[in-house]
Number of protein chains: 2
Amino acid sequence: MKVIDKIRGAANGDGRTVFSFEFFPPKTEEGVENLFDRMDRMVAHNPSFCDITWGAGGSTADLTLDISNRMQNMICVETMMHLTCTNMPVEKIDHALDTIKSNGIQNVLALRGDPPHGQDKFVQVAGGFACALDLVQHIRAKYGDYFGITVAGYPEAHPDMIQDGIATEEAYNSDLTYLKRKVDAGADLIITQLFYDTDIFLKFVNDCRQIGITCPIVPGIMPINNYKGFLRMTGFCKTKIPDKITNALEPIKDNEEAVRAYGIHLGTEMCKKILANGINTLHLYTLNMEKSALAIIMNLGLIEESKVLRSLPWRRPTNVFRVQEDVRPIFWANRPKSYISRTIGWDQYPHGRWGDSNNPSYGALTDYQFMRPRSRDKKLQEEWATPLKSVDDISEQFVKLCLGKRRSSPWSELDGLQPETKIIDEKLSQVNSKGFLTINSQPAINGEKSDSPAVGWGGPGGYVYQKAYLEFFCSKDKLHSIVENCKVLPSLTYIAVNKDGNHTSNVAPNAVNAVTWGVFPGKEIIQPTVVDPMSFMIWKDEAFEIWSRGWARLFPEGDPSRELLLQVQKSYYLVSLVDNDFIHGDIFAAFKDI
Amino acid sequence: MKVIDKIRGAANGDGRTVFSFEFFPPKTEEGVENLFDRMDRMVAHNPSFCDITWGAGGSTADLTLDISNRMQNMICVETMMHLTCTNMPVEKIDHALDTIKSNGIQNVLALRGDPPHGQDKFVQVAGGFACALDLVQHIRAKYGDYFGITVAGYPEAHPDMIQDGIATEEAYNSDLTYLKRKVDAGADLIITQLFYDTDIFLKFVNDCRQIGITCPIVPGIMPINNYKGFLRMTGFCKTKIPDKITNALEPIKDNEEAVRAYGIHLGTEMCKKILANGINTLHLYTLNMEKSALAIIMNLGLIEESKVLRSLPWRRPTNVFRVQEDVRPIFWANRPKSYISRTIGWDQYPHGRWGDSNNPSYGALTDYQFMRPRSRDKKLQEEWATPLKSVDDISEQFVKLCLGKRRSSPWSELDGLQPETKIIDEKLSQVNSKGFLTINSQPAINGEKSDSPAVGWGGPGGYVYQKAYLEFFCSKDKLHSIVENCKVLPSLTYIAVNKDGNHTSNVAPNAVNAVTWGVFPGKEIIQPTVVDPMSFMIWKDEAFEIWSRGWARLFPEGDPSRELLLQVQKSYYLVSLVDNDFIHGDIFAAFKDI
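A brief report on the enclosed structure follows. (Residues numbered from 1 in each chain as written. Chains lettered and ligands numbered in written order. Predicted model: local features only at pLDDT ≥ 70, side-chain atom pairs only at ≥ 80, totals over all residues. Heavy atoms only, no water.)

### Some points on the overall build of chain A
Inference 1: Across its full length, chain A holds 18 helices and 18 strands.
Inference 2: Whereas a compact globule of 594 residues would reach a radius of gyration of roughly 25 Å, chain A reaches 27 Å, a difference of no more than 12%.
Inference 3: If one aligns the C-alpha atoms of chain A with their principal axes, the spans along those axes are about 85 × 50 × 45 Å.
Inference 4: Across the 594 residues that make up chain A, the buried fraction comes to 57%.
Inference 5: Long-range contacts, defined here as pairs at least 24 residues apart, represent 74% of the contacts in chain A between residues at least 6 apart.
Inference 6: Accessible surface, chain A: about 25,500 Å² in total, of which carbon and sulfur atoms supply 50%.
Inference 7: Of the charged side chains in chain A, 65 are positive and 73 negative; the average position of the first set lies 1 Å away from that of the second. (Helix = DSSP H or I, 4+ residues; strand = E, 2+ residues; numbered from the N terminus. Rg over C-alpha atoms; globule rule 2.2 N^0.38 Å. Buried < 20%, exposed > 50% of the residue type's maximum accessible area, 1.4 Å probe, protein only. Contact = heavy atoms within 4.5 Å. Areas by Shrake-Rupley, 256 points an atom, 1.4 Å probe, with all protein chains shown as cover. Lys, Arg positive; Asp, Glu negative; His and termini not counted. Charge placed at Lys NZ, Arg CZ, Asp CG, Glu CD.)

### Remarks on the sheet that holds strand β18 (residues 573-579) of chain A
All names here are of chain A.
Inference 1: Spatial strand order, β10-β13-β18-β14-β15: 5 strands in an open sheet with antiparallel pairing. The open sheet has two free edges, formed respectively by β10 (437-442) and β15 (503-505), since each of these has just one partner strand. In this sheet, adjacent strand axes meet at a mean angle of 10 degrees when their direction is disregarded.
Inference 2: Pairing between strand β14 (residues 492-498) and β15: 3 bridges, direction antiparallel. Looking at β15, one finds that I495 is bridged to S505. (Pairing = 2+ DSSP bridges. Axes fitted to C-alpha atoms, helices over the stretch in contact; angles between N-to-C directions.)

### Observations concerning helix α11 (residues 291-299) of chain B
Three or four residues apart is the spacing at which side chains of an α-helix point the same way, because the helix has 3.6 residues per turn.
Inference 1: For α11(B), the full list of buried residues reads S292(B), A293(B), L294(B), I296(B) and I297(B).
Inference 2: Once α11(B) finishes, G301(B) follows within two positions and takes phi at roughly 75 degrees, a positive value.

### Things to note about the interface of chain B and chain A
Inference 1: Counting residues at the interface gives 23 residues for chain B, matched by 23 residues for chain A.
Inference 2: Approximately 2,000 Å² of surface area, both sides summed, lies buried where chain B meets chain A, with 58% of it carried by carbon and sulfur atoms.
Inference 3: Our enumeration of links across chain B and chain A arrives at 0 salt bridges.
Inference 4: Seen at the junction of chain B and chain A, the total is 14 residue pairs in polar contact (both at pLDDT 80 or more).
Inference 5: Looking at the side of chain B that touches chain A, the elements that each hand over two or more residues are β11 (445-449), β12 (463-466) and β16 (513-519) of chain B.
Inference 6: Sorting elements by how many residues they give to the side of chain B that touches chain A places β16(B) first, with 4 residues.
Inference 7: Split by residue class, the side of chain B that touches chain A holds 12 nonpolar, 7 polar and 4 charged. (Buried area = accessible area lost by both parts, 1.4 Å probe. Salt bridge = Lys/Arg side-chain N within 4 Å of Asp/Glu carboxyl O. Polar contact = N/O pair within 3.5 Å; in protein donor to acceptor, adjacent residues only side chain to side chain. Nonpolar A, V, L, I, M, F, W, Y, C, P; charged D, E, K, R; others polar.)

### Some words on the packing of helix α5 (residues 132-143) of chain B against helix α6 (residues 169-184) of chain B
The description of two helices packed together rests on the angle between their axes and the distance between the axes.
Residues and elements named next belong to chain B.
Inference 1: The interhelical angle for the contact between α5 and α6, taken along N-to-C directions, is 10 degrees, at an axis separation of 9 Å. As judged from the angle between their axes, α5 and α6 are roughly parallel. Judged by residue contacts, A132, L133 and V136 of α5 engage Y178, R181 and K182 from α6.
Inference 2: Residue composition of the contact of α5 with α6, grouped by class: 4 nonpolar, no polar and 2 charged. (Parallel < 35°, antiparallel > 145°, perpendicular 65-115°, else oblique.)

### A few points about the side chain of T86(B)
Residues and elements named next belong to chain B.
Inference 1: Mapped onto the fold, T86 is located in the loop between β3 (79-84) and α4 (90-102).
Inference 2: A distance of 3.1 Å separates a polar atom in the side chain of T86 from the backbone oxygen of D114.
Inference 3: Those residues within four positions of T86 in sequence are excluded, and the remaining contacts are G57, G58, R112, G113, D114, P115, P116 and F122.

### Let's talk about the sheet that holds strand β7 (residues 217-221) of chain A
Residues and elements named next belong to chain A.
Inference 1: Reading around the circumference, β1-β2-β3-β4-β5-β6-β7-β8 is the order of the 8 strands in this closed barrel, with parallel pairing throughout. Averaged over neighbouring strand pairs, the angle between their axes works out to 30 degrees when direction is ignored.
Inference 2: Looking at chain direction, strand β4 (residues 107-111) and strand β5 (residues 148-153) are connected through 4 bridges and run parallel. Counterpart to N107 in the pairing with β5 is G148.

### A word on helix α1 (residues 3-12) of chain A
Inference 1: Taken together, the buried positions of α1(A) are occupied by V3(A), I4(A), I7(A) and A10(A). Summarising the axial view, the buried residues of α1(A) lie within an arc of 130 degrees, below the 170-degree limit, and thus occupy one face. (Arc of directions from axis to C-beta.)

### Observations concerning the packing of aromatic side chains
Inference 1: Counted by the stated rule, this structure contains 59 aromatic pairs over all chains.
Inference 2: Taken together, the ring pairs connect Y463(A), Y465(A), W517(A), F582(A), Y463(B), Y465(B), W517(B) and F582(B) into an aromatic cluster.
Inference 3: The positively charged end of K101(A) is found above the aromatic ring belonging to Y146(A), 5.1 Å away from the centroid.
Inference 4: Its end group placed over the ring of F520(B), K523(B) keeps NZ or CZ at 5.6 Å from the ring centre. (Phe/Tyr/Trp six-rings, centres within 6.5 Å; stacked < 30°, edge-to-face > 60°. Lys NZ or Arg CZ within 6 Å of the ring centre and 35° of its normal.)

### Considering the relation of the copies chain B and chain A
Inference 1: Least-squares fitting of chain B to chain A yields an RMSD of 0.3 Å, with the transformation described by 0.2 Å of translation along the axis and a rotation of 178 degrees. The two molecules are tied by a two-fold rotation axis, judged by turn and shift. The rotation axis passes nearest to the C-alpha of I525(B) in chain B, at a distance of 4.0 Å.
Inference 2: The residues that chain B uses at the interface reappear at the interface of chain A in 100% of cases, marking a shared surface. (Least-squares fit on C-alpha atoms with pLDDT ≥ 70 in both.)

### Concerning the side chain of T64(A)
Inference 1: With respect to the secondary-structure elements, T64(A) resides in helix α3 (residues 61-75).
Inference 2: If we ignore the near neighbours within four places in the chain, the residues touching T64(A) are P25(A), I52(A), T53(A), W54(A), G55(A) and M81(A).

### Topic: the environment of G301(A)
Inference 1: When you line up the elements, G301(A) lands in the loop between α11 (291-299) and β9 (328-329).
Inference 2: Linking G301(A) and Q381(A), residues 80 residues apart in sequence, is a C-alpha distance of 39 Å.

### Structural notes on the environment of L417(B)
All names here are of chain B.
Inference 1: By secondary structure assignment, the location of L417 is in the loop between α14 (391-402) and α15 (425-433).
Inference 2: By relative accessible area, L417 is classed as partly exposed at 36%.
Inference 3: Taking C-alpha positions, L417 is 8.0 Å from L401, a pair spaced 16 residues apart along the chain.
Inference 4: Look past the residues within four positions of L417 in its chain and what remains in contact with it is L401, C402 and G404.

### Thoughts on the pattern of salt bridges
Inference 1: Inspection of every chain in the model, using the stated rule, returns 60 salt bridges over all chains.
Inference 2: For E542(A), the salt bridge is made with R335(A), and the minimal N-O distance between the two is 3.0 Å. With a gap of 207 residues between them, E542(A) in helix α17 (residues 533-551) and R335(A) in the loop between β9 and α12 (336-343) connect regions that are remote in the sequence. Pair check on accessibility: E542(A) and R335(A) agree, each one buried.
Inference 3: When the shortest N-O distance is used, the salt bridge between R112(B) and D160(B) registers 3.4 Å. With a gap of 48 residues between them, R112(B) in the loop between β4 (107-111) and α5 and D160(B) in the loop between β5 (148-153) and α6 connect regions that are remote in the sequence.
Inference 4: What makes R112(B) partly exposed here is its relative accessible area of 22%.

### Some points on the pairing of β5(B)
Residue and element names in this part refer to chain B.
Inference 1: Taken across its 6 residues, β5 has 6 buried, putting it largely inside the fold.
Inference 2: Crossover handedness for the path β4 to α5 to β5: right-handed.
Inference 3: Of the strand pairs in this sheet, β5 and strand β6 (residues 189-194) are connected by 4 bridges, and their pairing is parallel. Residue A152 lies in a different strand from β6, and its bridge partner there is I191.
Inference 4: Running through α6, the crossover from β5 to the neighbouring parallel element β6 is right-handed. (Right-handed = clockwise from strand over helix to strand, strands pointing away.)

### Topic: unusual backbone geometry
All names here are of chain B.
Inference 1: One non-glycine residue with positive phi stands out, namely K238, at about 55 degrees.
Inference 2: Considering the arrangement of structural elements, one finds K238 in the loop between α8 (227-237) and α9 (243-249).
Inference 3: Taking the relative accessible area as the measure of exposure, K238 reaches 35% and is therefore partly exposed.
Inference 4: If you check the backbone angles, D593 has positive phi at about 60 degrees while not being a glycine.
Inference 5: Its place among the elements puts D593 in the segment after β18 (573-579).
Inference 6: Accessibility expressed as a relative area gives 75% for D593, which makes it exposed.

Dropping the structure here:
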């Protein structure tokens with residue numbers, strides 16, 4: 001979706017303030033992984049979009065393209081990619097645009113760009129563009145209306161125009177006229193350069209309106225994180241610093257904590273003043289840091305720490321090709337990135353491939369589904385590489401996980417457990433201690449309010465429901481006991497399968513079972529999560545593979561713990577169990593007397 | 001759907017007994033209307049299909065085609081049309097088959113046919129077929145697998161083969177061989193000629209199996225209704241009558257009641273014996289009479305009088321082109337035939353036209369939507385043509401309707417009220433006495449068992465839900481009061497429109513609201529009824545038109561009652577009101593202090 005449409009939607013809707021975060025490509029691989037972890041947490045607070053910069057002189061081109069793709073498709077945040085003219089002949093520009101277009105990204109921030117490191121002045125490359133205006137014109141000419149195009153606005157004029165700390169009236173006006181030409185050429189949004197004098201920004205907006213620029217102008221706010229960084233950045237951008245700020249920083253400049261706290265205070269005050277002037281958009285230059293930006297947004301009351309609003313039980317995709325997606329099998333609930341990677345080729349949502357045996361199925365398993373960031377790998381090593389003497393030791397690991405004593409799981413991409421797991425954690429731990437190793441679960445929910453913290457989704461005013469769900473590994477004998485118990489518990493349906501595909505079930509192979517749904521005013525019923533037997537048969541390969549590639553590999557070759565895990569992988573069954581009676585049922589009755 | 005697939009489905013599923021009813025085309029127009037009323041009631045008991053005969057010598061060709069179409073599409077029962085060779089050149093055959101195919105009918109009973117009245121022997125017509133085998137071959141050659149083809153089986157051999165009350169062994173065997181040829185040529189189902197000696201039927205089935213006929217053989221049961229008719233029919237068909245039956249009938253033959261009671265008893269016993277022999281299909285020759293056939297089916301425990309099972313809140317269509325249909329706007333709830341007629345051209349279900357403004361819309365209003373059978377017209381005349389002096393007199397009519405004191409309504413095709421209306425009838429009558437003239441309603445239902453008699457549907461094991469709904473006409477002033485009340489009742493959504501299209505609403509024009517849904521084991525959520533603002537704008541023309549064409553026309557031109565109704569039609573608003581809070585809401589709060 002285009003950012004401009006989100007901003008217009010908010011303005012025409014509930015008058016909600018739109019906020020966004022800017023990041024830059026880290027220099028190391030580990031830095032990139034850490035950035036994604038951070039983004040993941042920040043995106044949970046529902047920024048309207050995030051943007052990623054294009055390194056000076058195109059130095060990060062491939063990395064920026066890759067990060068943009070992962071932001072849009074794995075983090076699932078509406079992504080705006082910066083694109084500059086520096087060192088970019090038109091073929092490279094088009095390659096970048098074609099790439100993000102095919103990755104479902106619709107937003108570009110078009111810039112001339114700074115000169116590469118070591119050069120003083122911008123130089124037009126052969127076969128390239130001279131300025132952002134050329135780039136905007138090219139994008140519109142070649143890609144029509146597909147992209148939302150943002151351009152930069154300079155409340156104090158472009159730094160090149162600034163001499164001795166100030167732009168002349170003439171330079172300022174010429175810069176404004178140039179901005180208008182960028183908008184007239186097809187840009188639909190302006191984000192400003194950073195500033196610390198709010199009055200300058202407000203005057204700038206007014207001046208823009210005077211010369212007929214009507215599109216939204218989003219203030220770019222850079223929280224002060226660090227005194228030296230602040231001086232460097234404002235020096236580079238030739239930003240005017242009000243005396244009040246200089247005076248406030250001077251006495252605390254060596255106290256990093258104090259500087260950061262002041263930065264949060266200042267940012268909050270600046271934003272308050274801007275909002276009070278009727279501007280409902282805020283853009284935060286995060287410098288890849290989490291705390292200051294979130295603190296400002298939180299101070300403004302735009303997010304509540306306790307209430308991460310979910311539009312669906314899983315994070316809704318932003319890729320333009322899959323915005324229609326509104327239903328997923330429950331199996332990948334803790335592995336959303338794996339699910340996206342396996343369904344990336346689908347061209348139809350929600351009724352793409354799953355449940356329809358006539359269509360080509362899920363993408364084959366690749367190394368991708370078993371890759372994990374170094375930080376998670378470290379955590380797994382700490383928590384899961386303890387010696388295992390028997391299956392009881394394995395059970396114990398799962399019991400600890402259920403009780404919140406493990407932050408990681410080989411079967412999950414997430415940190416810790418879903419909030420709703422707390423509702424059934426004691427019962428889960430009992431089941432696990434009996435040797436039913438749960439890797440996915442949800443409690444039954446019978447018409448809770450849709451804004452309740454642990455289980456709500458979809459916004460206020462509705463009611464949400466869930467059928468109780470358990471997914472676990474167990475031995476063949478234990479499976480037999482479950483199957484026997486289910487015979488006298490008619491509301492339970494199950495599917496069980498081992499690594500080799502031997503399976504048993506009491507439902508038809510095409511019976512898709514809605515296990516999460518919501519009822520909202522003036523809407524059709526929404527059912528975002530299902531148990532789908534056909535997808536289960538695809539999922540089981542991944543789930544079994546994790547025994548070896550997720551867990552056993554934490555131990556050295558030949559280690560008895562490793563052998564034990566591979567033995568379990570070979571002999572256990574994976575069982576998907578639903579209690580269809582979400583009003584009076586008790587899924588844990590299936591484990592009675594076992 | 002092909003009948004053979006229904007029979008196979010039942011055999012592979014719950015072992016349910018499949019039963020069906022046969023009818024013939026009545027001679028008068030009124031007879032036809034009465035037949036449809038009767039069928040409508042009988043079909044409520046879920047026969048797997050009904051068939052309609054092809055009059056001797058093709059005498060009823062057009063009528064049979066028309067009745068078949070209405071059976072399949074208006075009564076919504078899976079329909080099998082008889083087709084014979086008598087007087088039917090191939091062009092006529094193809095015309096008949098093309099017609100039913102385009103009407104979504106998939107089942108044909110292929111017969112040679114009896115000679116026309118006045119002729120003794122079957123004569124092949126020029127350009128026609130000599131026998132049912134030719135007809136079966138032709139249908140398969142020309143229409144491939146589209147049709148399910150049924151053929152007749154003669155347990156006592158074809159009457160033409162019977163001399164002096166018995167067929168020779170040779171004749172019987174030659175008839176069996178011929179039957180096998182019909183099956184080999186593509187027939188997938190056999191229905192037998194009537195018989196009264198069950199042993200003969202069972203032997204026949206066995207003989208068929210011996211020579212390699214494997215398709216289901218459905219016993220044709222003709223309940224004895226009337227002594228003379230029984231003699232005539234068995235004489236014509238040369239049916240063997242066991243002495244036991246003759247002896248039982250002889251003493252009661254002049255007592256019609258007693259004959260009918262015996263017929264029911266005999267039919268029940270015959271069926272019991274057949275079912276006990278592992279045959280799970282029964283076909284009843286009803287002779288267009290309701291009671292005996294239903295009584296036999298009821299005696300066998302195949303239906304319960306108190307429990308008319310609904311698979312959806314409305315009767316699911318059988319037309320092969322609309323079997324996917326699973327959602328309808330609530331507005332036509334009491335006018336299902338009108339709804340079908342207005343959507344007959346849609347080629348996509350459920351997401352055909354409604355709610356999608358990019359597609360051509362509902363079929364225009366025609367006389368069809370305002371036609372009614374003579375019996376209903378008579379009832380309306382009795383109940384609704386009473387003089388009306390003021391709008392209070394109009395309100396009084398509606399109050400009486402709500403309280404069950406009227407069996408008819410100009411706005412309904414149904415007899416009386418829906419069972420669920422009983423739940424809110426007192427409150428409805430209060431609302432009507434205030435001048436809100438309700439034409440459609442449903443109570444809120446919060447998770448009732450899906451087999452509960454008044455509101456259940458979809459079979460056992462699930463839970464059903466409804467948002468409270470009211471649709472009514474009211475004056476502009478009264479609408480204003482409702483709108484004011486809704487301002488403090490946030491769970492209420494409404495759409496109001498007058499005859500000229502002036503409208504007001506507190507929902508988006510594309511906000512489709514599910515108002516009936518069900519949750520079932522191992523299934524996706526089913527939401528068969530919605531309030532769809534775009535359809536409402538189509539419906540309102542029909543609803544307003546009924547003031548004149550449904551009610552005012554019961555009075556003579558110039559009559560003051562007629563003028564009053566037309567005045568109301570011109571000045572009132574039609575209001576659709578939903579209480580979205582199906583758990584804690586109270587839709588009647590909208591009428592407080594009015």
